[in-house]
Amino acid sequence: MRGRRFIISVDSCKPGMRTAEAIVNKYGGVILFEDTSLDERAIEHLKNMGIQYIPVYEESMLTVSGVDKDWAITDEYNFNVKYEQDVHTIKKALSDISSGKRLNKEATDGIVHSMISRAQENRNMIDTVMQIRSIDEYTYYHCMNVSMLSMMIARWMDLGDTMVKKCTEAGLLHDVGKAMVPVEIINKPGKLTDSEFEEMKRHSEYGYLIVSENRSIDHDVALAVLTHHEKEDGSGYPLGLTGDKINQIAKIVAVSDIFDAMTANRVYKYKDTPFKVFELMQHQSFGVLDPTVLNVFLNNMTHYYVGSKVRLSTGETAEVVFMNRLDFSRPVVKVEESFIDLAVSKTVTIVEFL
Ligand SMILES: [Fe+2]
Ligand SMILES: [Fe+2]
């Protein structure tokens with residue numbers, strides 16, 4: 001333990017600073033060990049490896065001449081760096097499970113803890129969920145996003161600390177069973193055959209087995225992992241439960257799960273706005289998602305977009321000033337000094353989110 005750490009950009013690193021944790025590449029290989037004193041070569045090496053930010057000990061920053069702590073990067077960067085580290089931990093946990101090891105409860109706890117401690121940064125979390133995306137690492141990012149979103153919904157619903165923690169944990173672990181599905185099925189680029197799809201669907205049961213085996217995880221969390229693909233009308237899997245039999249954690253995870261999956265697909269397939277995703281959720285989830293949870297989610301999420309800048313189909317730039325709860329893709333916007341209600345002016349649409 002060598003005191004406080006600061007995350008700084010590699011470009012601002014100076015010889016003499018000491019790393020505050022091991023720096024790893026995206027495959028988990030160690031580039032520099034913890035408490036390594038940086039020299040020009042090491043800094044160059046970090047840059048060549050594409051590392052942008054590293055944690056260094058405050059004490060070592062102060063001993064380097066001409067350095068002041070203003071270099072320490074903002075919370076926003078801290079947030080993104082930590083997010084990437086958490087993603088890395090999930091990746092490792094999933095690969096451990098697929099190679100037959102048990103779920104690492106300490107790793108899960110660490111992520112849940114860091115997520116909850118960042119709860120004040122809702123806006124950052126939402127931005128991150130919307131922006132950070134990578135196809136080949138889809139599951140890891142997806143787990144993190146679903147975890148963050150589930151935590152936020154539990155908070156918005158005022159469910160109390162215990163439920164907030166369970167929802168964060170369930171979100172993180174909901175797809176952990178995918179580690180047991182053959183990798184050819186997980187990574188198959190085209191459409192799955194019926195039998196492959198059946199195997200894919202078993203990830204809920206595999207996940208339940210993995211999570212319930214760990215006795216320190218609450219059974220409600222394991223049940224939520226088992227039932228996160230159940231639907232309100234009983235048409236989901238694996239049990240075909242109706243809404244009254246699905247626990248609240250699973251309902252919260254289901255809303256986050258569908259939102260994240262829709263956002264991911266949208267970002268790749270079309271350049272679309274989050275409003276469109278909100279609207280699709282509102283209109284396509286009848287009989288699928290719990291209406292109370294969905295409403296809390298939509299009302300709170302859309303609130304964050306008031307004040308956003310958008311481009312309209314007329315080419316003009318506008319600011320979102322009021323969300324229309326009946327149709328989230330058509331808010332009231334302000335163009336210079338005039339207001340346009342897109343729910344009334346149907347020929348004008350939002351084409352881009354700026
Ligand atoms: Fe799933
Ligand atoms: Fe999922």
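Residues numbered from 1 in each chain as written. Chains lettered and ligands numbered in written order. Predicted model: local features only at pLDDT ≥ 70, side-chain atom pairs only at ≥ 80, totals over all residues. Heavy atoms only, no water.

A.B. asks: Can you walk me through the overall build of the chain in this structure?
C.D. replies: Along its length, the chain carries 14 helices and nine strands. Scored against the burial criterion, the 354 residues of the chain give a buried share of 50%. Taking the contacts inside the chain whose residues are at least 6 apart along the sequence as the reference set, 63% of them involve residues at least 24 apart. Surface accessibility of the chain: about 17,700 Å² in total, with carbon and sulfur atoms responsible for 51%. (Helix = DSSP H or I, 4+ residues; strand = E, 2+ residues; numbered from the N terminus. Buried < 20%, exposed > 50% of the residue type's maximum accessible area, 1.4 Å probe, protein only. Contact = heavy atoms within 4.5 Å. Areas by Shrake-Rupley, 256 points an atom, 1.4 Å probe, with all protein chains shown as cover.)

A.B. asks: Just checking my understanding: could you explain the coordination of the iron ion (ligand 1) for this structure?
C.D. replies: Think of it this way: four donors in a tetrahedron around the metal ideally sit 109.5 degrees apart, and six in an octahedron ideally sit 90 or 180 degrees apart. Coordination of the iron ion (ligand 1) by the protein comes from Asp175 (OD), His203 (NE2), His228 (NE2) and His229 (NE2), over a distance range of 2.1 to 2.2 Å. One can describe the donor arrangement at the iron ion (ligand 1) as irregular, given that its four donor atoms subtend angles of 84 to 176° at the metal. Expressed as a motif, the donor residue spacing for the iron ion (ligand 1) is D-x27-H-x24-H-H. Between the iron ion (ligand 1) and the iron ion (ligand 2) the interatomic distance amounts to 3.5 Å, and Asp175 serves as a bridging ligand to the pair. (Donors = N, O, S within 2.8 Å, 3.2 Å for Na, K, Ca; no water. Tetrahedral: all angles 85-135°; square planar, octahedral: opposite > 155°, others 65-115°.)

A.B. asks: Just checking my understanding: could you explain the coordination of the iron ion (ligand 2) for this structure?
C.D. replies: Coordination of the iron ion (ligand 2) by the protein involves His142 (NE2), His174 (NE2), Asp175 (OD) and Asp257 (OD), with metal-donor separations of 2.2 to 2.3 Å. Each of the four donor atoms bound to the iron ion (ligand 2) contributes to angles spanning 75 to 169°, and the resulting shape is irregular. Positions of the donor residues of the iron ion (ligand 2), expressed as sequence spacing, correspond to H-x31-H-D-x81-D.

A.B. asks: Mind showing me how you'd approach the confidence of the model for the chain here?
C.D. replies: Should pLDDT be low for a region, the predicted coordinates there are not to be read in detail. Summing up the model confidence of the chain, the mean pLDDT is 82 and the portion of residues at 70 or higher is 83%. A low-confidence stretch, residues 70-75 (pLDDT under 50), is modelled with 14 contacts involving residues beyond four sequence positions or located in other chains. Low pLDDT, under 50, characterises residues 266-271; the predicted model gives this stretch 10 contacts beyond four residues in sequence or across chains. (pLDDT = per-residue confidence, 0-100.)

A.B. asks: Please clarify how the environment of Ile340 should be interpreted in this entry.
C.D. replies: Take Ile340: it is sitting in strand S8 (residues 338-341). On a C-alpha basis, the gap between Ile340 and Arg330 in space is 9.9 Å, while along the polypeptide they are 10 residues apart. Residues contacting Ile340, with those up to four places away along its chain left out, are Leu312, Pro331, Val332, Val333, Val335 and Ser345.

A.B. asks: Help me understand the packing of helix H6 (residues 138-156) against helix H14 (residues 291-303), please; the structure alone is not making it clear to me.
C.D. replies: In contact at an axis separation of 10 Å, H6 and H14 are set at 100° when each is read in the N-to-C sense. Overall, the two elements H6 and H14 adopt an arrangement that is roughly perpendicular. Touching Leu149, Ile153 and Trp156 of H6 are Val293, Val296, Phe297, Asn300 and Met301, all from H14. When grouped by side-chain class, the residues that make up the contact of H6 with H14 number seven nonpolar, one polar and no charged. (Axes fitted to C-alpha atoms, helices over the stretch in contact; angles between N-to-C directions. Parallel < 35°, antiparallel > 145°, perpendicular 65-115°, else oblique. Nonpolar A, V, L, I, M, F, W, Y, C, P; charged D, E, K, R; others polar.)

A.B. asks: Explain the nonpolar core here, please?
C.D. replies: Most often, soluble globular proteins have nonpolar side chains that are buried together. Core analysis: the biggest nonpolar cluster contains 70 residues, and Phe297 and Leu312 have the highest contact counts within it. Of the residues that make up this core, three or more belong to each of domain 2 (76-269) and domain 3 (309-353). (Core = buried A, V, L, I, M, F, W, Y, C linked by side-chain atoms within 4.5 Å. Domains from an automatic or database assignment.)

A.B. asks: I'm lost on H14 in this one. Help?
C.D. replies: Between its terminal C-alpha atoms H14 stretches 18 Å, which fits the 18 Å expected from 13 residues at 1.5 Å a residue. Turning to H14, its buried residues number three or more, namely Val293, Leu294, Val296, Phe297, Leu298, Met301 and Thr302. Among the residues of H14, the N-terminal cap falls to Asp290, whose side-chain oxygen and the backbone nitrogen of Thr292 are separated by 3.0 Å. (Expected span 1.5 Å × (residues − 1). Polar contact = N/O pair within 3.5 Å; in protein donor to acceptor, adjacent residues only side chain to side chain.)

A.B. asks: What is the right way to read the environment of Met115 from this model?
C.D. replies: Relative to the assigned elements, Met115 resides in helix H4 (residues 105-117). You can call Met115 buried: its relative accessible area is 0%. Distance in space between the C-alpha atoms of Met115 and Met148 is 6.8 Å, their sequence separation being 33 residues.

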